[in-house]
Amino acid sequence: MGTNTHLEHAAERDLAEDPHLRRGPRGFPLLPGGYGRSTYYTGAPSPYAIRGEGYRVWDDRGRELIDANNNFTSLIHGNAHPEITEAATKALSSGASWGIPNLYEWDLADLLLSRLPDLDQVRFTNSGTEAVMSAIRIARASTGRERVVVTKGGYHGTSEVALVPGGPSYTRGVTQGVIDDVTAVPLNDIQFLRQAVEAAPDAYAAIILDLLPNRAGLLSISEDFVREARDLATRFGIVLIIDEVISLRLGYNGLSGEYGVAPDLLTTGKLIGGGFAVGAVVGRAELMAEVDPTRPGSLPHGGTFSGNPVSMAAGAAALRLYPHEEVQRLNRLGDTTREAVQSKIAEAGWEIRGRGSLLRAVPGGAEKVSEDIQHRLWWASYERGLLGSPANLLSLSTPMNEHVAADIAERLADAVLAVAGSAEAKDGSQEL
């Protein structure tokens, strides 16, 4: 279940070697709370990665872990894939970034459009958050409208508009004007969606869909809901934005391709950077014309590192290494893993959710999982040599095979049963 080497001696480490305890010249931790990202937080000081290779990662506590976090789903080919490393190194050796275009942009754009045949042009950004921000701005500019529709529990990055569907804990610091411009629709509530749009069709610039929202417990948006959104957008001149920053991995043509629904704009990131910072807006030509700098009155769009050659070269290598047959293989592997976990955890009142190469264990029927339960499951998984996201989203990578998938299923199920058992002992019930 993974090595315990040095774990029992963690408290005895030299304090100067613990990054969480390092202080700046004025006596404060170098990073707020000791973390460079809020999404790293697991309720207690986290281990630090030392190195990774394939589907494994080693940390500063001496553990060898199965890496099913994969930097929050972005490492579709695991850690330090030799072909991606070679592509990135070759690009870097010629220059990390320039103030004029580079040929790698064209290569990655061509590869993306070959997988998204209903769309015409690409504009690269530095992250999925930036891609969504740009898509919303394009939609507003093209329609002359301001409001947007999102689904509750959808995740679209950390811009102010994108924070609204997360609810009150996410909207602190967001202006009321931004909140008022966003209509959050219950997941898969077609009637609510229809009524919201039809009540003010000329007010909405965009409908934004996260097809497999992890924030909502990794519940899929139904095909009927997606088709209703497409029909409403077409009927009322609203821009349909499908956010595939995470879900692009689930189909050769993205998850929207699996649904058979073409968006007007598609946002993506993560896997298309090969492990480097990246984002992209892919869209129909008449909408992408809004950011065409040769057109008078076009929207200015920059980003010092947008489309940088290292991300573009690594991303192109990652896409070439993920052909249709590999997408299918990894999705089948995910299906097998979920089935194996479900058979073991059902008795504890838990369920496994997800699609394709993504999976997440949650208390049965839960629409929202408490942070306490998430943290407890994260640590229980870690103790068993399995690394997931702090929300316990697991993503498979192409170096994994049936043996590794079975190992993940066993470790995850054991962690779930341990958490469920401790919760029952504490509460006298399985109500989580």
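Given the structure is predicted, the values throughout are model-derived calculations rather than measurements. (Residues numbered from 1 in each chain as written. Predicted model: local features only at pLDDT ≥ 70, side-chain atom pairs only at ≥ 80, totals over all residues. Heavy atoms only, no water.)

(A) Structural context of the pattern of salt bridges. The full count for this structure, using the stated rule, is 17 salt bridges. Between Arg194 and Glu228 there is a salt bridge; the shortest N-O distance is 3.1 Å. Of this pair, Arg194 sits in helix H8 (residues 190-199) while Glu228 sits in helix H9 (residues 223-236); the two residues are 34 residues apart in sequence, bridging distant segments of the chain. The exposure class assigned to Glu228 is buried, which follows from its relative accessible area of 13%. The residue Arg235 makes a salt bridge to Glu198 at a minimum N-O spacing of 3.3 Å. One end of the pair, Arg235, is in helix H9; the other, Glu198, is in helix H8, and 37 residues separate them in sequence. Glu198 gets classed as partly exposed once you look at its relative accessible area, which sits at 37%. Through salt bridges with shared partners, one network takes in Arg230, Asp264, Arg284 and Glu286. (Salt bridge = Lys/Arg side-chain N within 4 Å of Asp/Glu carboxyl O. Helix = DSSP H or I, 4+ residues; strand = E, 2+ residues; numbered from the N terminus. Buried < 20%, exposed > 50% of the residue type's maximum accessible area, 1.4 Å probe, protein only.)

(B) Focus on the pairing of strand S12 (residues 358-363). With respect to burial, S12 is a largely interior element, 6 of its 6 residues being buried. Relative to S12, strand S11 (residues 350-355) runs antiparallel, the two sharing 6 bridges. Residue pairing for S12: Gly354 is matched across the bridge by Leu359. As defined by bridge partners, S12 adjoins strand S14 (residues 393-395) across 3 bridges and the pair is classed as antiparallel. Bridging across to S14, Arg360 finds its partner in Leu393. (Pairing = 2+ DSSP bridges.)

(C) Spotlight on the packing of H8 against H9. Their axes nearest at 10 Å, the elements H8 and H9 cross at an angle of 10°. If you check the angle between H8 and H9, you find them roughly parallel. Two packed elements cross with a definite hand, and for H8 against H9 that hand is right-handed. Residues Ile190, Leu193, Arg194, Val197 and Glu198 of H8 lie in contact with H9, whose contacting residues are Asp224, Phe225, Glu228, Ala229, Leu232, Arg235 and Phe236. Along the lines of polarity and charge, the residues of the contact of H8 with H9 split into 7 nonpolar, no polar and 5 charged. (Axes fitted to C-alpha atoms, helices over the stretch in contact; angles between N-to-C directions. Parallel < 35°, antiparallel > 145°, perpendicular 65-115°, else oblique. Left-handed = near helix turned anticlockwise from the far one by under 90°. Contact = heavy atoms within 4.5 Å. Nonpolar A, V, L, I, M, F, W, Y, C, P; charged D, E, K, R; others polar.)

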